[in-house]
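Geometric and topological summary
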Amino acid sequence: MQATLTVTPAQLPEVLLHVAVVRPVFLWGAPGIGKSSLVRSFADSLGLECVTLLGTQLAPEDLIGVPQVVGDRSRFAPPETIARQEPYCLFLDELNASSPEVQKAFYSLILDRRIGTYELPAGSVVIGAGNRATDNALARPMPSALVNRMIHVHLRASADDWLTWAATSGIHPWIVDYLVQRPDHLWSAPPKTEEPFSTPRGWHMLSDAMHSYGERLDDETLGMLAHGTLTAGHASAFRAYVKTVRHAYDLDAVIKGDAGWPRRPEDRDLLYFLSETLRARLVKELPHSKEHASPAGRQLAFRAKNLLVELAGISLECAQLVIAAGDDGAPVLPSWFLVEVGRDLPRLAAARG
């Protein structure tokens, strides 16, 4: 299922507060963006215990219970994890990854809030969650009858929300500082092959591992950890960023002229990182129209062209990286700046073409 409109983690609690208390909600989102932890936090905010059922680990009898003879009749006795006396939050995680039989068993629980003779206590909330088939995650089509029993909310990763949380949650400061500069590296689309990819959960795992190593964390080990939790490109860039921190190598120093581009072959990853960072800085600070450029913006554009000349002398590939188009082929930098680059740096423009 694809979404036209999405919500961020910061917006989700308000949505659930008004929606989940009156109707069952299904939360869609890519793996690793925090769906489960957000639901648990929401339950805590209401003072409700969160009871989590994993759809991939359930059989139908885990929901409807087993037959029990009472007098001269039989009835199904639902499991104690569900049949509670006090209101609670029933979280059906990976619901759309469960078998068709299990999904069918959820029908009455989701719509009528009951299983057999047991009815959820007043004040209980029911929230389901799952990944999308397009995320290359385990997901089965949900029957239309089940889809129609819930209100569907689509969650997207938000760097601003995650960084706000990370600042007070013990995330390694190198990770926080890096993602402040490269918020676009917080999340990447799941690949079609079996390899790590960047998610808020992946960055959190990397942070835990870095804290565990402490001062004993060397560059080679950091590279192993980063490539084991992040997209390969993001892992290389983060490793290069840490090198800039450890060696006091900063893009601002390069822009100001206090330091030059790294030239040693062993610092090629650092050169790539600084090139990507310059590109991100230009995208962020150069206005769409030159007429709206501030004096500082004009000065940055002028300095950037000089830096591109120096960079092309070291690595034409890195210089091209700064002015390259986006994945969709459209220019990323303002057209007026690219025109000036083409006019003043014909060698670079020709290589780019």
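Because the structure is predicted, anything quoted here is derived from the model rather than measured. (Residues numbered from 1 in each chain as written. Predicted model: local features only at pLDDT ≥ 70, side-chain atom pairs only at ≥ 80, totals over all residues. Heavy atoms only, no water.)

1. Remarks on the overall build of the chain
Where we set the bar: In this description a helix means any DSSP run of H or I spanning at least four residues, a strand means any run of E spanning at least two, and both kinds are numbered starting from the N terminus. Here the term buried applies to any residue with accessible area under 20% of the maximum for its type, exposed to any over 50%, and partly exposed to those in between, with areas from a 1.4 Å probe on protein chains only. Computed with a 1.4 Å probe, the accessible areas rest on the Shrake-Rupley method; for each residue, only the protein chains presented here act as cover. Charge counting follows a simple rule: Lys and Arg are positive, Asp and Glu are negative, and His as well as the terminal groups are ignored. Here the site of a charge means atom NZ of a Lys, CZ of an Arg, CG of an Asp or CD of a Glu.
Scanning the chain from terminus to terminus reveals 17 helices and 9 strands. The principal-axis extent of the C-alpha atoms belonging to the chain is close to 90 × 45 × 35 Å. Residues classed as buried in the chain amount to 44% of the 353 residues present. For the chain, the accessible surface area stands at approximately 18,300 Å², while carbon and sulfur atoms represent 53% of it. Within the chain, one finds 34 positive and 40 negative side-chain charges whose respective centroids are separated by 5 Å.

2. A look at the nonpolar core
Under the convention used in this document: We define the nonpolar core as a collection of buried residues of types Ala, Val, Leu, Ile, Met, Phe, Trp, Tyr and Cys that are connected through side-chain atoms lying within 4.5 Å of one another. Residues are treated as being in contact if the distance between any of their heavy atoms lies within 4.5 Å.
The biggest cluster of nonpolar side chains holds 55 residues, and the ones touching the most others in it are W203, F238 and F337. The element best represented in this core is helix α14 (residues 295-314), accounting for 8 residues. When near neighbours in sequence (up to four residues on either side) are disregarded, F238 contacts W174, I175, Y178, W203, L206, M210 and L222. In terms of nonpolar packing, the next biggest core, distinct from the first, is built from 24 residues, L53, Y88, F106 and L109 among them.

3. Describing helix α2 (residues 35-45)
Going by this rule: Throughout, the arc means that of the directions going from the helix axis to the C-beta atoms.
Considered for burial, the residues of α2 that qualify are K35, S36, L38, V39, F42 and A43. The buried residues of α2 occupy an angular sector of 165 degrees when projected down its axis, which confines them to one face. Residues of α2 that are exposed and point more than 90 degrees away from the buried face comprise D44 and S45. Those residues of α2 hidden inside the fold are in contact with α1 (12-19), β1 (25-28), β2 (50-54), β5 (89-93) and β8 (125-130). Following α2 by one or two positions, G47 adopts a phi angle in the positive range, close to 75 degrees.

4. What to know about the packing of helix α8 (residues 173-181) against helix α9 (residues 200-213)
In helix packing, the relevant descriptors are the interaxial angle and the interaxial distance, both defined with respect to the helix axes. The criterion, for reference: In this analysis, axes come from line fits to C-alpha atoms, helices being fitted only over the stretch in contact, and the angle between any two N-to-C directions falls in the range 0 to 180 degrees. We call Asp, Glu, Lys and Arg charged. Ala, Val, Leu, Ile, Met, Phe, Trp, Tyr, Cys and Pro are nonpolar, and the rest, Gly among them, are polar.
Remark: α8 packs on α9, axes separated minimally by 9 Å, with the N-to-C direction vectors making an angle of 145 degrees. Of the residues in α9, those in contact with W174, I175, Y178 and L179 of α8 are W203, L206, S207 and M210. Taken together, the residues of the contact of α8 with α9 break down into 7 nonpolar, 1 polar and no charged.

5. Regarding the packing of aromatic side chains
The cut-off we apply is this: Any two of the Phe, Tyr and Trp rings considered here, Trp counted by its six-membered ring, make a pair once their centres fall within 6.5 Å; the pair's planes then place it as stacked at under 30 degrees, edge-to-face at over 60, or tilted in between.
Within the structure shown, the criterion is met by 10 aromatic pairs. Measuring from ring centre to ring centre gives 5.8 Å for Y178 and W203, while their planes differ by 40 degrees; the resulting arrangement is tilted. Within this pair, whereas Y178 is found in helix α8, its partner W203 is found in helix α9, the two being separated by 25 residues in sequence. A relative accessible area of 0% means that Y178 is categorised as buried. By relative accessible area, which is 0% here, W203 ends up buried. Ring geometry for Y178 versus F238: centroids 5.4 Å apart, planes at 75 degrees, classification edge-to-face. Taken as a pair, Y178 in helix α8 and F238 in helix α11 (residues 232-246) lie far apart in primary sequence, 60 residues in all. Here the two residues Y178 and F238 agree in accessibility, since each one is buried. The rings of Y178, W203, F238, Y241 and F273 are connected pair by pair, giving a single aromatic cluster.

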